[in-house]
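In case you want the letters, here they are:
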Amino acid sequence: MTQEQAKSRITELKEKINYYNYLYYQKDISEVSDYEFDQLLQELIDLEEQFPALRLSDSPTQRVGGIITKAFETVYHKYPMLSLSNTYSQDELRDYDKRVDKGLDGESYEYICELKFDGVALSITYENNVLSKAITRGDGEKGDDITNNAKTIKTLPLKINGNSGGSIIEVRGEVFMSRKVFDRLNKEREDIGEAKLANPRNTASGTLKMQDSSVVAGRKLDCFLYALLGEGLQVKTHEEALKQLEEWRFKVSPTYRKCKNIEEVIEYIEHWETKRFELPLETDGIVVKVNSYEQQEVLGFTAKSPRWAIAYKYKAENAATVLKEISYQVGRTGAITPVANLEPVLLAGTTVKRASLHNANEIERLDLRIGDTVLVEKGGEIIPKITGVDVMKRPEGSEPVKYITTCPECGTPLIRKEGEALHYCPNERGCPPQIKGRIEHFIQRKAMDIDSLGARTIALLFEQKLLNNPADLYKLSYDDIFQLEGFKDLSTRNLLNGIEASKNIDFASVLFALGIRYVGRTVAEKLAVYFKSIDHLAAANFEELIDVPEIGERIAESVIEFFKDPENNRLIEELKNAGLQFAIEEKEVVVESNLLDAKSFVISGVFSSFNRDEIKEKIKNNGGKVVSGISGKVDYLVAGENMGPAKLEKAQKLGVNIISEQEFLAMINQS
Ligand code: IVH
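Cut-off values and rules
Residues numbered from 1 in each chain as written. Predicted model: local features only at pLDDT ≥ 70, side-chain atom pairs only at ≥ 80, totals over all residues. Heavy atoms only, no water. Pairing = 2+ DSSP bridges. Helix = DSSP H or I, 4+ residues; strand = E, 2+ residues; numbered from the N terminus. Contact = heavy atoms within 4.5 Å. Axes fitted to C-alpha atoms, helices over the stretch in contact; angles between N-to-C directions. Core = buried A, V, L, I, M, F, W, Y, C linked by side-chain atoms within 4.5 Å. Buried < 20%, exposed > 50% of the residue type's maximum accessible area, 1.4 Å probe, protein only. Near = heavy atom within 4 Å. Polar contact = N/O pair within 3.5 Å; in protein donor to acceptor, adjacent residues only side chain to side chain. Areas by Shrake-Rupley, 256 points an atom, 1.4 Å probe, with all protein chains shown as cover. 1 Å grid on protein atoms, 1.4 Å probe; cavity = no way out; pocket = protein on both sides within 12 Å on 5 of 7 lines; lining within 4 Å. Sits in = over half its atoms within 2 Å of the grid points. Nonpolar A, V, L, I, M, F, W, Y, C, P; charged D, E, K, R; others polar. Right-handed = clockwise from strand over helix to strand, strands pointing away. Phe/Tyr/Trp six-rings, centres within 6.5 Å; stacked < 30°, edge-to-face > 60°. Lys NZ or Arg CZ within 6 Å of the ring centre and 35° of its normal. Salt bridge = Lys/Arg side-chain N within 4 Å of Asp/Glu carboxyl O. Points joined across faces, edges and corners; volume = space filled by probe spheres on them. Arc of directions from axis to C-beta.

Q: Quick one: what's the story with the sheet that holds strand β11 (residues 309–313), residue by residue and with numbers?
A: What the 5 strands build is an open sheet, ordered β2-β11-β10-β3-β9; its pairing is mixed. At either margin of the open sheet sits one strand with a lone partner, and together these are β2 (86–87) and β9 (257–259). Note: strand β10 (residues 283–290) against β11, 5 bridges, orientation antiparallel. Looking across to β11, one finds that K289 is bridged to A309. Across the sheet, helix α3 (residues 90–103) lies against β2, β3 (111–117), β10 and β11, angled at about 175° from β11, the strand it touches most.

Q: Can you explain the nonpolar core? Please cite residues and give values.
A: In terms of nonpolar packing, the biggest core is built from 56 residues, with L473, Y474, L514 and L527 touching the most fellow members. When residues of this core are traced back to their parent elements, those giving at least two are α12 (432–443), α13 (455–463), α15 (489–501), α16 (507–513), α17 (521–531), α18 (534–539), α20 (553–564) and α21 (566–578). In terms of residue count, the dominant contributor to this core is α16 (6 residues). In this structure, C223, L225, L242 and L245 belong to the second largest nonpolar core, which totals 36 residues.

Q: Can you lay out the site of the ligand for me, pointing to particular residues and giving the numbers?
A: Of all residues adjacent to the ligand, which total 14 residues, the nearest are E114, L115, F117, E174 and K289. One of the side-chain N or O atoms of K289 is found 3.0 Å from a nitrogen atom in the ligand. In the complex, 86% of the free accessible area of the ligand, which totals 520 Å², lies under the protein chains. When each cavity is represented as a set of grid points, the ligand is found to reside in the second largest pocket. Broken down by secondary-structure element, the contributors of at least two residues to the shell around the ligand are β3 and β10. Ranked by residue count, the leading element in the shell around the ligand is β3, at 4 residues. Its residues assigned to classes, the shell around the ligand comprises 8 nonpolar, 1 polar and 5 charged.

Q: Can you explain the pairing of strand β13 (residues 336–347)? Please cite residues and give values.
A: On a regular strand, each side chain points to the face opposite its neighbour's, so the side chains alternate between the two faces of the sheet. Pairing of strand β12 (residues 318–330) with β13 involves 7 bridges; the strand directions are antiparallel. Along β13, the bridge assignment pairs Y328 with P338. Turn length for the β12-β13 hairpin, with the two strands adjacent in sequence and antiparallel, is 5 residues, and the turn residue G334 shows positive phi of about 90°. Looking at chain direction, β13 and strand β14 (residues 350–356) are connected through 6 bridges and run antiparallel. Each bridged residue has a counterpart across the sheet, and for L346 the counterpart in β14 is T351. Once β13 ends, the chain turns through 2 residues before running back antiparallel as β14, passing A348 with a positive phi of about 45°.

Q: Provide a residue-level description of the pairing of strand β17 (residues 600–604), including the pertinent values.
A: Burial runs high along β17: 5 of the 5 residues are buried. Burial along β17 is two-sided: the face carrying S600, V602 and S604 and the face carrying F601 and I603 are both buried. Relative to strand β18 (residues 625–626), β17 runs parallel, the two sharing 2 bridges. Pairing of S600 across the sheet is with K625, part of β18. Handedness of the crossover is the feature at issue here: the chain leaves β17, passes through helix α22 (residues 612–621), returns alongside β18, and the resulting connection is right-handed.

Q: Describe the packing of aromatic side chains, and please don't skip the residues or the numbers.
A: Tallying each qualifying case throughout the model produces 15 aromatic pairs. Each ring, one from F301 and one from W308, has its centre 6.2 Å from the other, and the planes form 80°; the classification is edge-to-face. Measuring from ring centre to ring centre gives 5.2 Å for Y328 and Y403, while their planes differ by 85°; the resulting arrangement is edge-to-face. Taken together, the residues Y328 in strand β12 and Y403 in the loop between β16 (385–389) and α12 connect sequence positions 75 residues apart. Grouping residues by exposure puts Y328 and Y403 together as buried. Grouping aromatic residues by their ring pairs yields a cluster made of F117, F176 and F224. A cation over a ring is seen here: K417 above Y424, with NZ or CZ 5.0 Å from the ring centre. Sitting above the plane of the Y518 ring, R554 keeps its charged end 3.8 Å from the centroid.

Q: How would you explain unusual backbone geometry if you had to name every residue and give the values?
A: Phi is positive for D597, which is not a glycine, with a value near 50°. Topologically, D597 is positioned in the loop between α21 and β17. The backbone of A598 shows a phi angle near 60°, a positive value even though the residue is not glycine. Topologically, A598 is positioned in the loop between α21 and β17.

Q: Quick one: what's the story with the pattern of salt bridges, residue by residue and with numbers?
A: For the coordinates displayed, the defined rule picks out 41 salt bridges. For E114, the salt bridge is made with K289, and the minimal N-O distance between the two is 2.8 Å. Here E114, found in strand β3, pairs with K289, found in strand β10; they are 175 residues apart in sequence, far enough to count as distant. For K289, a relative accessible area of 9% puts it in the buried group. Here R172 ties to E170 by a salt bridge, and the two come within 3.0 Å at their closest N and O atoms. Judged by relative accessible area, which is 3%, E170 ranks as buried. Each of D367, R369, D372 and R394 takes part in one network of salt bridges that share partners.

Q: Give me the lowdown on the layout of surface pockets, citing residues and values where you can.
A: Considered as a void within the structure, the largest pocket measures approximately 1800 Å³ in volume. Lining the largest pocket are 46 residues, with N186, K187, E190, D191 and K196 sitting closest to its centre. Within the residue set of the lining of the largest pocket, elements represented by two or more residues are α5 (179–191), β12, β13, β14 and α12. Among the elements that take part in the lining of the largest pocket, α5 stands out by supplying 8 residues, more than any other. Here the residues of the lining of the largest pocket sort into 15 nonpolar, 13 polar and 18 charged. Here the second largest pocket is characterised by a volume of approximately 1400 Å³. Only β3, β4 (120–127), β7 (168–176), β8 (222–230), β10, α10 (293–299) and β11 provide two or more residues apiece to the lining of the second largest pocket. Considering every element that reaches the lining of the second largest pocket, the biggest residue donor is β8, with 5 residues. Taken together, the residues of the lining of the second largest pocket break down into 21 nonpolar, 10 polar and 14 charged.

Q: Before we move on, could you go through helix α23 (residues 645–653) and cite the residues and values that matter?
A: Listing the buried residues of α23 in full gives A646, K647 and A651. Buried residues along α23 cover an arc of 130° about the axis, so they all sit on one side. Turned more than 90 degrees away from the buried face of α23 sit Q652 and K653, all of them exposed. The first or second residue beyond α23 is G655, which carries a positive phi of 75°.

Worth remembering: the numbers are spatial, not functional.
Here's what the structure looks like:
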């Protein structure tokens, strides 16, 4: 392929990928299968590898991250990022409307109402249609250049789809983390014993300032755009700007509305007051903007904010109710979480019966007493929080709540480690929720993936003393399972098959499944790749552990602690004996022949009689070598179905023998 041909194919691939991405992430439409999409992306990666000069900053291959920014550069904004004046009252809003009316000398005007998204404001510059810079608001005059991190936001176009007219344009919007992504992230953190993050807004803000953009990419940030700036733009109203942004495939929240007068604005406010809790992200008010740009100019600015816009903030929804009791939950890691049980009360459209209390400090801070009338507030999290106590209504003779000193599940005295806010039950091996929690962690999809087993069955097996640790799973018989409530022949066999299949799960997943504190999925992968086997990992000392890229002191200490415990070593031995994978499988070469005579092979595409791992194994077993990339030194390319044309062409150009699956089988006498 010539440079020219590659260039035109790359353009075509980028357009297709951008379009499918846009449909998938913004319109919820999958026009191609994941497989087809991956094929296109792979072809683009291959082509860019072959022609590095054609790898440009607007390529979708640049979204995956991998760039480390040690310190973010401070950059001045071309147009300052002002703030909005706020109001909490409808009367003040009507006064604002009167000021607008006066400022426009009785001329008719319209408003655009939008939700006020609770995220992180970002300014993004496009030069000649291509994303060139993303800067945080900072102090409004200058902010941090976080371009590489912003590029990982899948809904933010790297290239404007269409012609922006001006050579430099700036778009502004709010980066956020959806409640769903935030809750999932917190669950994962809780699962490995990490402290939970406070709220989606702070998490989005912290994520944008992370050094490693591949971690940012994994955090799945999103972005709503609400402003367009620049010279030479054709738009004359804010509404046109929003439509223009949509046309260019920016993500604009469809919740905006044009209002002819302040009464319609108030209707909008009332409509979203409770409806906003159904949205995937947090909002804390609405923004009212005069629609016409000409009129915006007439109204102008005060020192800090525009006169053509105002924010109406919703008062945090709260309600008063009575604290009935405090219950305590014990997690997999032994962490105790206090929960307030309340007299049911209606709050922002839902009935609230429970509120989170976080830890003992929080109870002390609020000076809580049973029977107290408390104020509950709906924040970002699904479960509301207690923000205060109405001391006037306090029952006579009440005593401050005494935090429990023993585990509510097993009676063991609780401990509180220095510097930690949480109390823990140290009875790891004997405390039921900890035992069951470890098994639930072990079987989850990202670990051993035994999906025919759930929390209910684990509890049943535990109660019957058939399951006390993950190794017991591999000792379960047909009868053990069949006699359980709700199990029939098929479900029993399904579960046994699921347990059996988990013996093939790779080492990194097994390592994660063991539930070492602070060892999440990504850390487990890093450790597995580095140490190759559990024996090497167990033998590693502190220095060797912190030598592993991205493994810090806290994780290293936790790994060492884990292997110090004889119980853990016994568990690993039992799991090894059951046949689980405790090393990265460099499959033993079963010599079948020497027919391939040390020749090197690249495999590409899809095969009918093998999967990719099997064909690689065949090559090795018959005396050949498998290499990953095509070069002049490669002897054969085994070309399967749907292989990328770029690879094929490269192989042809370099004189590599291109053979089909059938020809390969003939070489090893298996056709
Ligand atoms: S327009 C001159 N529209 O609110 C300011 N801002 O207090 C123009 N925000 O820093 C901003 N949703 O982070 C605008 N729909 C929206 C918004 C919005 C959230 C934030 C933004 C800004 C702050 C202003």
